[in-house]
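Residue-level structure breakdown
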Amino acid sequence: MTHALNQGSEQGPKPAANDKALYGGTSSRRVTVRDIAAAKQRGEAWPMLTAYDALTASAFDEAGIPVLLVGDSAANCHLGYDTTVPVTLDEMVMLTAAVVRGTKRSLVVADLPFGTYQEGPVQALRSATRMVKETGAGAVKLEGGERSADSIRLLTESGIAVMAHIGLTPQSVGAFGGYPVQGRGEEAATQLLRDAKAVQDAGAFAVVLELVPAELAAEVTRVLHIPTVGIGAGAACDAQVLVWTDMAGMTGGRVPRFVKQYADVRRVLSDAAKAYAEDVVGGAYPAEEHSFH
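Predicted model only: the values in this text are computed from it and were never measured.

**Description of the pattern of salt bridges**
Tallying each qualifying case throughout the model produces ten salt bridges. A salt bridge links Asp150 to Arg153; its shortest N-O distance comes to 3.2 Å. Remark: Arg153 and Asp150 occur in helix 6 (residues 149-157); sequence separation between them is three residues, near one turn of the helix. On the accessibility criterion, Asp150 (51% relative accessible area) is exposed. One salt bridge in this structure joins Asp264 and Arg267, with 3.4 Å as the shortest N-O distance. By relative accessible area, which is 53% here, Arg267 ends up exposed. One network of salt bridges, in which partners are shared, links Asp90, Arg130 and Glu134.

Written out as structure tokens, the structure reads:
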């Protein structure tokens, strides 16, 4: 990259701060789907994390994360279910409202849980309408490519922003028989490309690509004019998303290959709890400075 030098200066002007940047920008207003589209045009990569409560969401919002997903992953890592399937719309509404209350700038996207849109567009609209009205979420997310295109179209035509989700779709884990990489082989790759184009044509403002070969994800990113959000889909996607409890080391145990852990929050909390317990048992807490007279 080159730039012109100021006359009489050996060093060029410092680049102006990009106040429109999704991450690191100076704007304090809510991020919108128009901002997401503009980032794609600028070639700007951006991060997304999940959040399920006001306090965690507040921390991520303060960190500048531009998009927070209230994922149905809350079922596994927040509510104690074995899969995402059991989580209800009532539960997702409660969690999403908390995340919205805890944030000022992040675009909050809420998952529509399993069973709340599979019957078709009318059910999807009813569920999405409740979600945005009762929570203040800026968008909803639903799984499926061509099979969900009609629902996405009705929602967007009704004024509800939709993030699509293709590749490995966790709500279909029973049909997949596990968590296999999607899009391997010519036929599967062709279908994934069709799914991506279908959700774009239906009006989705972005699409999550989960567990997709990096080369295929790069091709999808190249041919779409809407942003791709990768999770286990390589580095060429426009954005990346991780479940926050995986990212911060809260989940415990084995994590997926695509996860990079940036902290060990589980150990920090465990150590803090042990230190507190030992102080209570040993009589060190509460001390005089913690008491009233």
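Let us keep going from here.
**Considering the confidence of the model for the protein chain**
Predicted confidence across the protein chain gives a mean pLDDT of 91, with 91% of residues reaching 70 or more. Below a pLDDT of 50 lies the segment residues 1-16, which in the model reaches seven contacts outside its immediate sequence neighbourhood of four places, other chains included.

**Focus on the layout of surface pockets**
In this structure, the largest pocket spans a volume of roughly 950 Å³. Considering the residues around the largest pocket, the lining is formed by 37 residues, among which Glu210, Ile231, Asp246, Pro256 and Phe258 are closest to the centre. When contributions to the lining of the largest pocket are tallied by element, the ones reaching two or more residues are helix 3 (74-77), strand 4 (139-143), strand 6 (206-210), strand 8 (239-242) and helix 10 (244-247). If you add up the space inside the second largest pocket, you get close to 330 Å³. Lining the second largest pocket are 16 residues, and of these Gln240, Val241, Leu242, Lys260 and Tyr262 sit closest to its centre. At the level of secondary structure, the elements contributing two or more residues to the lining of the second largest pocket comprise strand 1 (46-50), strand 7 (228-231) and strand 8. Looking at the lining of the second largest pocket residue by residue, the class counts come to eleven nonpolar, four polar and one charged.

**Remarks on the packing of helix 5 (residues 121-135) against helix 6**
At a minimum axis separation of 8 Å, helix 5 and helix 6 run at an interaxial angle of 45°. Comparing their axes, helix 6 and helix 5 come out oblique. Seen from above, helix 5 lies across helix 6 with right-handed handedness. Within the contact between the two elements, helix 5 uses Pro121, Val122, Ala124, Leu125 and Ala128 and helix 6 uses Asp150, Ser151, Leu154 and Leu155. Across the contact of helix 5 with helix 6, the residue classes tally to seven nonpolar, one polar and one charged.

**Quick word on the packing of aromatic side chains**
All told, the structure shown has two aromatic pairs when counted by the stated rule. On the numbers, 5.9 Å between centres and 70° between planes, the contact of Phe60 with Trp244 is edge-to-face. With Phe60 in helix 2 (residues 54-62) and Trp244 in helix 10, the pair connects residues that are 184 residues apart, well separated along the chain. For Trp244, a relative accessible area of 14% puts it in the buried group.

**Quick look at helix 4 (residues 89-101)**
For helix 4, built from 13 residues, the straight-helix expectation of 18 Å at 1.5 Å per residue is met to within 8% by its first-to-last C-alpha distance of 18 Å. Of the positions making up helix 4, those classed as buried are Leu89, Met92, Val93, Leu95, Thr96, Ala97, Ala98, Val99 and Val100. On its buried face, helix 4 is in contact with helix 2, strand 2 (67-70), helix 3, strand 3 (107-111) and helix 5.

The rules behind the values
- Residues numbered from 1 in each chain as written.
- Predicted model: local features only at pLDDT ≥ 70, side-chain atom pairs only at ≥ 80, totals over all residues.
- Heavy atoms only, no water.
- Salt bridge = Lys/Arg side-chain N within 4 Å of Asp/Glu carboxyl O.
- Helix = DSSP H or I, 4+ residues; strand = E, 2+ residues; numbered from the N terminus.
- Buried < 20%, exposed > 50% of the residue type's maximum accessible area, 1.4 Å probe, protein only.
- pLDDT = per-residue confidence, 0-100.
- Contact = heavy atoms within 4.5 Å.
- 1 Å grid on protein atoms, 1.4 Å probe; cavity = no way out; pocket = protein on both sides within 12 Å on 5 of 7 lines; lining within 4 Å.
- Points joined across faces, edges and corners; volume = space filled by probe spheres on them.
- Nonpolar A, V, L, I, M, F, W, Y, C, P; charged D, E, K, R; others polar.
- Axes fitted to C-alpha atoms, helices over the stretch in contact; angles between N-to-C directions.
- Parallel < 35°, antiparallel > 145°, perpendicular 65-115°, else oblique.
- Left-handed = near helix turned anticlockwise from the far one by under 90°.
- Phe/Tyr/Trp six-rings, centres within 6.5 Å; stacked < 30°, edge-to-face > 60°.
- Expected span 1.5 Å × (residues − 1).

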